[in-house]
Amino acid sequence: MDKINIGTQGFTIPMPLAMLGTHYNGKPNYMTLGWVTRVNYKPALLGIGVNKGHASHTAILENGEFSVNFPTTEMVKVADYVGLVSAKRTDKSELFDRFYGTLKTAPLIKECPLSLECRLYDTVEMPTNTFFIGEIVGTWCEERFMTDGVPDISKMNPFVLTMPDKRYWKIGRCVGHAWNDGKALKQ
Ligand SMILES: Cc1cc2nc3c(=O)[nH]c(=O)nc-3n(C[C@H](O)[C@H](O)[C@H](O)COP(=O)(O)O)c2cc1C
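These figures come from a predicted structure and were not determined experimentally. (Residues numbered from 1 in each chain as written. Predicted model: local features only at pLDDT ≥ 70, side-chain atom pairs only at ≥ 80, totals over all residues. Heavy atoms only, no water.)

Participant: Would you mind showing me how to read the nonpolar core here?
Facilitator: Side chains of a nonpolar character, in soluble globular proteins, are inclined to be buried together. Residues Leu 20, Leu 33, Val 36, Leu 46, Ile 48, Phe 66 and Val 68 are the most contacted members of the largest nonpolar core, which totals 19 residues. In this structure, Leu 17, Met 19, Phe 96 and Phe 159 belong to the second largest nonpolar core, which totals 12 residues. (Core = buried A, V, L, I, M, F, W, Y, C linked by side-chain atoms within 4.5 Å. Buried < 20%, exposed > 50% of the residue type's maximum accessible area, 1.4 Å probe, protein only.)

Pasting the structure below:
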């Protein structure tokens, strides 16, 4: 089978679809976020890629705090909407019920089954984006979305993003167990 090189705009597939929470001009603000990944075990560090033109970028530099919230499939429209309009022109502060954990400028979205609050740990400057690395200071979930005390994706109903086709997808079924199934191939 011949492989085709389709160019440089490759993406990880899928990407978790999240909403970034910050305080912009003293008000909560949210933006759609596809570029998010854990980057260190201890301390628990999370990296996010944010365009320098976004209000959220200014907000993180100002306050040194942010939240990452994972919405459900029922929230597709609103999660997409916060990626279409900027707080520079449109007030998005009242779109969600919010609560706060330890940090005072990292709004956590009540409607989202899983939310992480992060304190800025480091920044990596790039031409169009900044890679903000945040230390996770709190992970917020509800009992009904957990099994044995940890978040259970089968109860949370999150969704993921694929690029460059710009589509959202539900999560499928569990197909294996990590750090375990490979043992079958060990000599
Ligand atoms: C599906 C989707 C994913 C996005 N992912 C990112 C991302 O990872 N990083 C980023 O900087 N912008 C991303 N954006 C764009 C911002 O969410 C968008 O420009 C938003 O309006 C910025 O809001 P703000 O100016 O209020 O911060 C994404 C938009 C969509 C629709």
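Participant: Honestly, the site of the ligand in this entry has me stumped. Any pointers?
Facilitator: Lining the immediate surroundings of the ligand are 21 residues, of which Gly 49, Asn 51, Ser 56, Ser 86 and Lys 92 lie closest. Residue Asn 51 places a main-chain N or O atom 2.8 Å away from an oxygen atom belonging to the ligand. One of the backbone N or O atoms of Ala 55 is found 2.9 Å from an oxygen atom in the ligand. Protein coverage of the free-state accessible area of the ligand, which is 650 Å², stands at 84%. (Near = heavy atom within 4 Å. Polar contact = N/O pair within 3.5 Å; in protein donor to acceptor, adjacent residues only side chain to side chain. Areas by Shrake-Rupley, 256 points an atom, 1.4 Å probe, with all protein chains shown as cover.)

Participant: I'm lost on the environment of Asn 40 in this one. Help?
Facilitator: Along the chain, Asn 40 turns up in strand 4 (residues 36-40). Considered as a pair, Asn 40 and Arg 89 are 49 residues apart in the sequence and their alpha carbons are 35 Å apart. A polar contact of 2.9 Å, which involves the side chain of Asn 40, links it to the backbone oxygen of Pro 43. (Helix = DSSP H or I, 4+ residues; strand = E, 2+ residues; numbered from the N terminus.)

Participant: Would you explain the pattern of salt bridges in this entry?
Facilitator: Side-chain pairs of opposite charge can arise whenever the charged atoms involved come near each other. Counted under the stated rule, the structure contains 5 salt bridges. A salt bridge links Arg 167 to Asp 165, with the shortest nitrogen-to-oxygen separation between them at 3.1 Å. What makes Asp 165 partly exposed here is its relative accessible area of 38%. (Salt bridge = Lys/Arg side-chain N within 4 Å of Asp/Glu carboxyl O.)

Participant: Honestly, the sheet that holds strand 1 (residues 15-16) in this entry has me stumped. Any pointers?
Facilitator: What holds strands together in a sheet is hydrogen bonding between their backbones, with the strands either parallel or antiparallel. Strand order in the open sheet made by the 3 strands is 1-13-14, with antiparallel pairing throughout. Two strands close off the open sheet at either side, each with one partner strand: strand 1 and strand 14 (167-170). Sheet topology places strand 13 (residues 159-162) next to strand 14; 4 bridges connect them, and they run antiparallel. When the sheet's bridge partners are listed, Phe 159 is paired in strand 14 with Lys 170. (Pairing = 2+ DSSP bridges.)

Participant: I keep staring at the layout of surface pockets and nothing clicks. Help me out?
Facilitator: Think of a ball as big as a water molecule: rolled over the atoms, this probe shows where empty space is left. Space inside the largest pocket adds up to approximately 690 Å³. Contributing to the lining of the largest pocket are 31 residues, with Met 31, Thr 32, Leu 33, His 54 and Gly 83 lying nearest its centre. Broken down by secondary-structure element, the contributors of at least two residues to the lining of the largest pocket are strand 3 (27-33), strand 5 (45-51), helix 1 (55-63) and strand 14. The element best represented in the lining of the largest pocket is strand 3, accounting for 4 residues. Its residues assigned to classes, the lining of the largest pocket comprises 15 nonpolar, 11 polar and 5 charged. (1 Å grid on protein atoms, 1.4 Å probe; cavity = no way out; pocket = protein on both sides within 12 Å on 5 of 7 lines; lining within 4 Å. Points joined across faces, edges and corners; volume = space filled by probe spheres on them. Nonpolar A, V, L, I, M, F, W, Y, C, P; charged D, E, K, R; others polar.)

Participant: Would you mind showing me how to read the pairing of strand 3 here?
Facilitator: Regular strands place their side chains on alternate faces of the sheet. Of all 7 residues in strand 3, 6 are buried; the element is thus mostly enclosed. Judged from the 7 bridges that link them, strand 2 (residues 18-24) and strand 3 form a sheet pairing that is antiparallel. Residue pairing in the sheet places Met 19 in a bridge with Thr 32 of strand 3. In textbook terms, the turn of a hairpin is the stretch between consecutive antiparallel strands, and for strand 2 and strand 3 this stretch comprises 2 residues, one of which, Asn 25, has a positive phi near 50°.

Participant: Sorry if this is basic, but what is going on with the UniProt feature "domain: Flavin reductase like" (unreviewed entry) in the chain here?
Facilitator: The UniProt record marks residues 10-161 with the feature "domain: Flavin reductase like" (unreviewed entry), using the residue numbering of this structure. Secondary structure over residues 10-161 splits into 12% helix and 46% strand, and the C-alpha atoms at its two ends are 13 Å apart. (UniProt positions renumbered as here; feature names shortened; annotations may be inferred.)

Participant: Help me out: how do you make sense of the side chain of Thr 72 in this one?
Facilitator: Within the secondary structure, Thr 72 sits in the loop between strand 6 (65-70) and helix 2 (76-81). The exposure class assigned to Thr 72 is buried, which follows from its relative accessible area of 9%. At a separation of 3.0 Å, a polar atom in the side chain of Thr 72 contacts the side chain of Glu 74. With residues up to four places along the chain from it excluded, the contact list for Thr 72 reads Glu 111, Pro 113, Met 156, Asn 157, Pro 158 and Phe 159. (Contact = heavy atoms within 4.5 Å.)

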